[in-house]
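Coordinate analysis (summary)
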Amino acid sequence: MLKTAKMPNGFKNEYDKVLPRIRQGKAQDLYVFEPAFDGPQAGTSKYDGKDVIMLTSNNYLGLSTHPEIIKAIKKAVDKYGTGTCGARLHNGTTVLHKQLEEKIAEYFRTESAMIVSAGYLANVSALSTLCNDSDSVIITDQLNHMSIVDGIAMSNAKVKIFSHNNMEKLEYILQKSQEFQRKLIVVDGVYSMDGDIACLDEIVELAEKYDAAVMVDEAHSIGFFGETGRGTSEHFKLEDKVAIKMATFSKSLAGVGGCIASDKDTIDYLKHQAHQYIFNASLPPAVVAGVLKSFEIMEKETWRREKLWDNTIRFRKGLKELGFNTMNSISPIIPIYIGDDNTNMHMTKELLNRGVYIATAIFPSVPMNKSRLRTTITASLSSEEIDRALDIMGEVGRRFGVI
Ligand SMILES: Cc1ncc(COP(=O)(O)O)c(C=O)c1O
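Counting restarts for each chain: residues are numbered from 1 in the order of the written sequence. Per-residue local features are limited, in this predicted model, to residues with pLDDT of at least 70; the limit for side-chain atom pairs, both in listing and counting, is 80 or more; totals at the level of whole chains, interfaces and linings are taken over all residues. Side-chain numbers here rest on the full set of heavy atoms in the structure, without hydrogens or water.

The helix count covers DSSP runs of H or I at least four residues long, the strand count covers runs of E at least two residues long, and both are numbered beginning at the N terminus. A count of helical and extended segments in the protein gives 15 helices and 13 strands. In this setup the radius of gyration rests on C-alpha atoms only. A globule is expected at 2.2 Å times the number of residues raised to 0.38. In terms of C-alpha radius of gyration, the protein reaches 22 Å, essentially the compact-globule figure of 22 Å for 403 residues. For the protein, the spread of C-alpha atoms along the principal axes amounts to about 55 × 55 × 55 Å. Excluding contacts between residues fewer than 6 apart, the proportion of contacts in the protein whose partners are at least 24 apart in sequence is 71%. Residues counted as positive are Lys and Arg, residues counted as negative are Asp and Glu, and His and the chain ends are not counted. For the purpose of locating charges, the reference atoms are NZ of Lys, CZ of Arg, CG of Asp and CD of Glu. In the protein, 48 positive and 51 negative side-chain charges are present, and the distance between their average locations comes to 5 Å. Contacts were defined at the residue level, with two residues in contact if any of their heavy atoms lie within 4.5 Å.

See the structure below:
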């Protein structure tokens with residue numbers, strides 16, 4: 001028997017602004033969120049007893065099923081047990097946590113690094129802690145990820161937003177921000193809904209001119225952007241000009257957690273001031289062991305990032321030949337612009353029925369009526385899987401009048 005207490009009407013009234021649309025979607029069999037997969041993230045995954053080609057997974061390098069990583073995780077569980085049952089500054093640090101921080105600093109070629117329990121928390125911790133008073137200004141691209149938006153909301157800094165990649169606007173804001181003691185420009189390296197990248201070369205130039213620090217979210221670039229895969233900072237050969245690099249372990253590294261890499265003082269300051277580090281239980285040792293092994297494999301098996309880029313080029317070319325609008329994507333995130341939410345959800349449903357999974361991106365992930373099918377390409381996909389998916393997408397696109 002259920003023993004659910006009822007929420008007071010004040011809450012219900014608020015729910016009524018959101019839930020009718022969701023209930024309607026479910027009633028029309030158009031609800032396309034939280035499909036429950038029954039197996040690992042791979043080129044083809046299992047859903048509802050069927051094989052589906054996975055075209056939305058951040059498992060960019062295909063590491064989520066790597067036998068050596070799985071072995072490292074199992075070994076760590078045997079040695080350390082399940083969780084740390086505490087926060088980092090007290091009982092929540094193991095030898096593995098320290099090793100991973102050293103590895104990240106070495107990887108990003110910074111003096112130091114800090115790990116937290118989610119990529120989301122990494123952004124929130126840096127932004128809400130480093131710029132936390134009225135003498136600070138955070139200057140942010142309009143399309144930055146929600147974890148950046150939320151981190152800024154938690155800070156007490158002045159916030160100034162520039163339209164996406166608009167360098168004239170950025171310079172104008174910097175000119176008008178001279179009175180602030182601390183100026184921080186924050187951008188996504190790769191934009192998660194559009195697949196384009198930050199104009200980091202111009203941003204860094206402006207930052208130097210106006211004495212601002214630059215922070216880059218490398219969530220969708222770590223492992224495959226730049227000559228050795230170290231992200232967009234390396235891609236632009238500006239590793240020594242980006243003061244704060246943020247990354248997540250939940251994508252290329254196939255784990256969970258996040259990090260900030262920076263100079264020693266910034267990391268020491270964060271470790272003793274950031275609430276997300278001090279008041280949050282640390283990552284389970286097994287997760288840390290898996291991420292450590294992922295770094296090792298990522299650096300050793302360089303063919304994975306080559307395969308990822310080959311797959312990306314093959315898929316994007318196929319989409320363009322079919323007539324789909326892939327926006328300005330130049331990364332493995334390839335959005336297919338649809339516009340109308342309803343058409344988007346119908347297409348997602350139809351594609352899933354026909355064995356292709358693509359996440360739907362509608363408001364609030366993207367602006368109202370700018371919905372898109374958001375594909376992400378991985379090294380796990382074979383050429384055959386990509387071509388089969390393109391055939392099915394072509395048929396579905398024609399049926400809905402999108403191409
Ligand atoms: C650009 C960007 N930054 C940060 C995050 C947060 O990372 P995580 O999901 O690992 O917490 C994401 C995840 O969606 C992201 O796309």
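Moving on to the pairing of strand β1 (residues 44-47). Under the scheme applied here, a residue whose accessible area is under 20% of the maximum for its type counts as buried, over 50% as exposed, and between as partly exposed, the area being computed with a 1.4 Å probe on protein chains only. Side chains Ser45 and Tyr47 of β1 all project onto a buried face; the interleaved residues Thr44 and Lys46 project onto a face where none is buried. Between any two strands, at least two bridges found by DSSP are needed for them to pair. Where β1 and strand β2 (residues 50-54) come together, four bridges link them in antiparallel fashion. Each residue of the ladder has a partner; that of Thr44, found in β2, is Ile53. The hairpin turn running from β1 into β2, its antiparallel successor, is two residues long, and Asp48 in that turn takes a positive phi close to 55 degrees.

Below, the discussion takes up the side chain of Thr375. By the element assignment, Thr375 lies in strand β13 (residues 371-376). Within 3.5 Å is the distance limit for a polar contact, defined as a pair of N or O atoms, with the added protein rule that one can donate a hydrogen and the other accept it, and that residues adjacent in sequence qualify only through two side-chain atoms. A polar contact is formed between the side chain of Thr375 and the backbone oxygen of Ile334, at a distance of 2.5 Å. Once you skip the residues sitting within four places of it in the chain, Thr375 turns out to touch Leu55, Thr56, Phe315, Pro332, Ile333, Ile334, Ile336 and Ile358.

Take the pattern of salt bridges next. Basic side-chain nitrogens of Lys or Arg form a salt bridge, by our definition, when they fall within 4 Å of a carboxyl oxygen of Asp or Glu. Taken as a whole, this structure holds 22 salt bridges when the rule is applied. When the shortest N-O distance is used, the salt bridge between Asp387 and Arg314 registers 2.8 Å. On the criterion of sequence distance, the pair formed by Asp387 in helix α15 (residues 383-399) and Arg314 in helix α13 (residues 303-322) is long-range, its members being 73 residues apart. With a relative accessible area of 30%, Asp387 lands in the partly exposed category. Among the ionic pairs, Glu350 bridges to Arg399, the shortest N-O distance being 3.1 Å. Here Arg399 lies in helix α15 and Glu350 lies in helix α14 (residues 341-353), a separation of 49 residues in the sequence. On the basis of relative accessible area, Glu350 is assigned to the buried category, the value being 18%. Each of Lys103, Glu106, Arg230 and Glu299 takes part in one network of salt bridges that share partners.

Once that is clear, we can look at the packing of helix α5 (residues 119-130) against helix α10 (residues 264-273). Following both chains from N to C, one finds α5 and α10 inclined at 95 degrees, their axes separated by 10 Å at the closest point. It follows that α5 is roughly perpendicular to α10 by the angle criterion. Of α10, the residues touching α5 (which contributes Ser125, Ala126, Thr129 and Leu130) are Thr266, Tyr269, Leu270 and Gln273. In this count, Pro and Cys sit with the nonpolar residues alongside Ala, Val, Leu, Ile, Met, Phe, Trp and Tyr, while Asp, Glu, Lys and Arg are called charged and the others, Gly among them, polar. Of the residues belonging to the contact of α5 with α10, the class tally is four nonpolar, four polar and no charged. Axes here refer to lines fitted to C-alpha atoms; in helices the fit is confined to the stretch in contact. Angles between the N-to-C directions go from 0 to 180 degrees. Angle categories: roughly parallel below 35 degrees, roughly antiparallel above 145, roughly perpendicular from 65 to 115, and oblique for all the rest.

Quick look at the nonpolar core now. We call a set of buried residues a nonpolar core when its members are Ala, Val, Leu, Ile, Met, Phe, Trp, Tyr or Cys and they connect through side-chain atoms within 4.5 Å of each other. Among the nonpolar cores identified, the biggest contains 56 residues, and Leu55, Leu100, Ile104, Phe249, Phe295, Phe315 and Met393 are the most heavily contacted of them. Residue contributions to this core peak at eight residues, all from helix α12 (residues 285-300). Setting aside anything within four residues of it in sequence, one finds Phe249 in contact with Leu100, Ile104, Ile115, Ala254, Gly255, Val256, Gly257, Gly258, Cys259, Leu283 and Val291.

We call a residue near a molecule or strand when any one of its heavy atoms sits within 4 Å of it. What surrounds the ligand is a group of 15 residues, the closest being Tyr120, Asp217, His220, Thr248 and Ser250. Within the backbone of Tyr120, a nitrogen or oxygen atom sits 2.8 Å from an oxygen atom of the ligand. Only the protein chains shown count as cover for residues, and all accessible areas are computed by the Shrake-Rupley method using a 1.4 Å probe. In the complex, the protein chains occlude 83% of the 390 Å² of accessible area that the ligand would expose alone. Breaking the shell around the ligand down by element, the ones donating at least two residues are α5 and β8 (244-248). Here the element with the most residues in the shell around the ligand is α5; it accounts for three residues. Looking at the shell around the ligand, its residues break down into four nonpolar, eight polar and three charged.

This part takes up a nonpolar patch on the surface. A cluster of nonpolar side chains, contributed by Met7, Phe11 and Tyr15, occupies part of the molecular surface with about 270 Å² of accessible area. Exposure remark for Phe11: the relative accessible area of 43% places this residue in the partly exposed category. Patch construction takes residues with relative accessible area above 30% that form no salt bridge. Like charges are linked within 9 Å, and nonpolar side chains (Val, Leu, Ile, Met, Phe, Trp, Tyr) are linked within 5 Å.

This brings us to the packing of helix α3 (residues 67-80) against α12. For the pair α3 and α12, the least separation of the axes is 8 Å and the interaxial angle reads 150 degrees. Between α3 and α12, the angle falls in the class roughly antiparallel. Seen along the crossing, α3 lies across α12 with a hand that is right-handed. Contacts between α3 and α12 involve Glu68, Ile69, Ala72, Ile73, Ala76, Val77 and Tyr80 from the first element and Pro285, Ala286, Ala289, Gly290, Lys293, Ser294, Ile297 and Lys300 from the second. Across the contact of α3 with α12, the residue classes break down as 10 nonpolar, two polar and three charged. Take the far helix as your reference; a near helix turned counterclockwise from it by less than a right angle gives a left-handed crossing, and one turned clockwise gives a right-handed crossing.

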